[in-house]
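Summary of the model geometry
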Amino acid sequence: MDKPHIIYVLSDEHRGQAMGHMGDPNVQTPWMDRLSGQGASFSRAYANCPICTPSRGTIFSGRHAHAGPVTGFFDVFKPTAPSTATELRKAGYRTAYFGKWHCGIVRDQVPASVAEDATRRFEGGSRNRTPECFRAGFQDWFGFENLNQHFNSSIYELHNPDPTPLEGYETDALTDKAIDYLHQYEGEQPLFLVLSVTPPHFPLVAPDEWERFDPGELQVRANFHDSPEMRDNLATYYAMIENLDWNIGRLNECLQNQPGFENTLQVYFSDHGDFMGSHGMFNMKEHPHEESVRIPAIFNWPGQIPEQGPVNGLFSLVDLMATTLGLVGSEVPVWSQGQDFSPLLRGEDFNPPADVLLEMCGSPRWNLGMPDWRGFVGERWKYAFIENRIELL
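Now for a description of the structure that goes with this document. Since this is a predicted model, take the numbers as computed values, not measurements.

Right, let's get into the sheet that holds strand 7 (residues 164-165). Within the open sheet, the 10 strands sit side by side as 7-6-5-4-8-1-9-11-2-12. Their pairing is mixed. Pairing within the sheet leaves two strands with one partner each, and these edge strands are strand 7 and strand 12 (309-311). Bridge count for strand 2 (residues 40-42) against strand 11 (residues 297-300) is 2 bridges, and the pairing is antiparallel. Following the sheet pairing, A40 is matched in strand 11 by F299. The strands touched by helix 1 (residues 30-37) are strand 2, strand 9 (264-270), strand 11 and strand 12; relative to strand 11, the strand with the most contacts, the crossing angle is about 60°. In the packing of helix 8 (residues 320-327) onto the sheet, the strands contacted are strand 1 (5-11), strand 9 and strand 11, and the crossing angle to strand 9 comes to about 170°.

Glancing now at helix 1. All of the buried residues along helix 1 are W31, M32, L35 and S36. Across the axial projection of helix 1, the buried residues extend over an arc of 140°, all falling on one side. Buried-residue contacts for helix 1 involve strand 2, helix 6 (228-256), strand 9, strand 11 and strand 12.

Moving on, we get to the pattern of salt bridges. Under the criterion given, the structure shown has 22 salt bridges. For R120, the salt bridge is made with E123, and the minimal N-O distance between the two is 3.1 Å. Among the salt bridges present, the one from E290 reaches K382, with a minimum N-O distance of 2.6 Å. In this pair, E290 is assigned in helix 7 (residues 290-293) and K382 in strand 16 (residues 382-386), connecting sequence segments 92 residues apart.

Turning our eyes to something else, we now look at the packing of aromatic side chains. The geometry of an aromatic ring pair is captured by the separation of the ring centres together with the interplanar angle, meaning the angle of the planes. The final tally for this structure, using the stated rule, is 32 aromatic pairs. Look at Y97 and F138: their rings are 5.1 Å apart centre to centre, the planes differ by 65°, and that puts the pair in the edge-to-face class. Taken together, the residues Y97 in strand 4 (residues 94-100) and F138 in the loop between helix 4 (112-115) and strand 5 (140-144) connect sequence positions 41 residues apart. The two residues Y97 and F138 agree in class, both being buried. Ring geometry for F213 against Y238: centres 5.5 Å apart, planes inclined by 45°, an arrangement best described as tilted. Of this pair, F213 sits in the loop between strand 8 (191-196) and helix 6 while Y238 sits in helix 6, placing them 25 residues apart in sequence. With respect to class, F213 is no different from Y238; both count as buried. Taken together, the ring pairs in this structure connect Y8, F60, F77, Y97, W101, F138, W141, F192 and F269 into an aromatic cluster. Its end group placed over the ring of F213, R212 keeps NZ or CZ at 4.1 Å from the ring centre.

Turning our attention to unusual backbone geometry. With an omega of 10°, the peptide bond between P199 and P200 qualifies as cis. Inspection of the secondary structure assignment puts P200 in the loop between strand 8 and helix 6. Here the phi dihedral of E13 falls at roughly 80°; this positive angle occurs in a residue that is not glycine. By relative accessible area, which is 0% here, E13 ends up buried. Phi is positive for R365, which is not a glycine, with a value near 55°. Inspection of the secondary structure puts R365 in the loop between strand 14 (355-360) and strand 15 (373-378).

Thresholds applied
- Residues numbered from 1 in each chain as written.
- Predicted model: local features only at pLDDT ≥ 70, side-chain atom pairs only at ≥ 80, totals over all residues.
- Heavy atoms only, no water.
- Pairing = 2+ DSSP bridges.
- Helix = DSSP H or I, 4+ residues; strand = E, 2+ residues; numbered from the N terminus.
- Contact = heavy atoms within 4.5 Å.
- Axes fitted to C-alpha atoms, helices over the stretch in contact; angles between N-to-C directions.
- Buried < 20%, exposed > 50% of the residue type's maximum accessible area, 1.4 Å probe, protein only.
- Arc of directions from axis to C-beta.
- Salt bridge = Lys/Arg side-chain N within 4 Å of Asp/Glu carboxyl O.
- Phe/Tyr/Trp six-rings, centres within 6.5 Å; stacked < 30°, edge-to-face > 60°.
- Lys NZ or Arg CZ within 6 Å of the ring centre and 35° of its normal.

The structure is reproduced here in structure tokens:
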């Protein structure tokens, strides 16, 4: 079998319940639904450590936050640590990264072009340049650290010491960049490309044309704390997801019309969820509740992954690297802590794990309501032990 191209689309803070094929009554996600229907989508996929940096470390290392190369919110991806990118490079892949990284902030890596800028073009966020040694082995780099400036983003391209501004809304602009790269790709190597966008992470803002929801008409979850503010937030959150879905569609249309990309494995997932009004919280994750730890996990590979739609099995982000390597026929390294779900995705016999380890490791502790904790979730129950000796079941 020829090695396929691999494309990850990684969003931030998209809870797994908020997709059409997962039963959300409000949001319309036709492209996510199509990729699921023509492939597979885990109905119970989990972020093992539901906060940006350690979760992203788990995504690209196949190891839990407490035992991996990124052990907390203020950590970096260690230069000596292997990754999905280094493993796929061994298998002959070219690697490219577009968008949010948030695993390489070094405080003094802000160039003069940013620090001394008087135009406000680089205002807000962590505009630090990611040193090459903290890029986890990715070769073609078009990334940034952590901006949360959806209409004022910028990226560092390749080895350029100065950032390039992005025009318009971040999800649209990054998708444009990735599509341009695909159009120009002429390499003989199979490609591993990551498109990582910040939305629907806060701030809750979307282009005007996507704000179609009437907040008062939204059907909300039973644990939603109802208020006009919460409904407004949820309406914009859905708008950001629908914009993301449209951009996934643009990316797919590019692949369908790009010679050489007929054989492509696509994976869509998020680094964690968000309460978004449930339990009275929004713009918040960090806790073991389902809205925080449940994520999308969609796998699509025509001719290799049968059309299954939602599938059972307790999948989590620590399994992503092993499953990707298993799907493309590469050996899963012994240091991986994840399980290879490729047999399940192919429709073969498979025994999924009985439970999934969940934790908060290296919390940023912006307040006392953000403790570290550890727990697990199984088919029926979830247990968590909080560092202040509170237990949740």
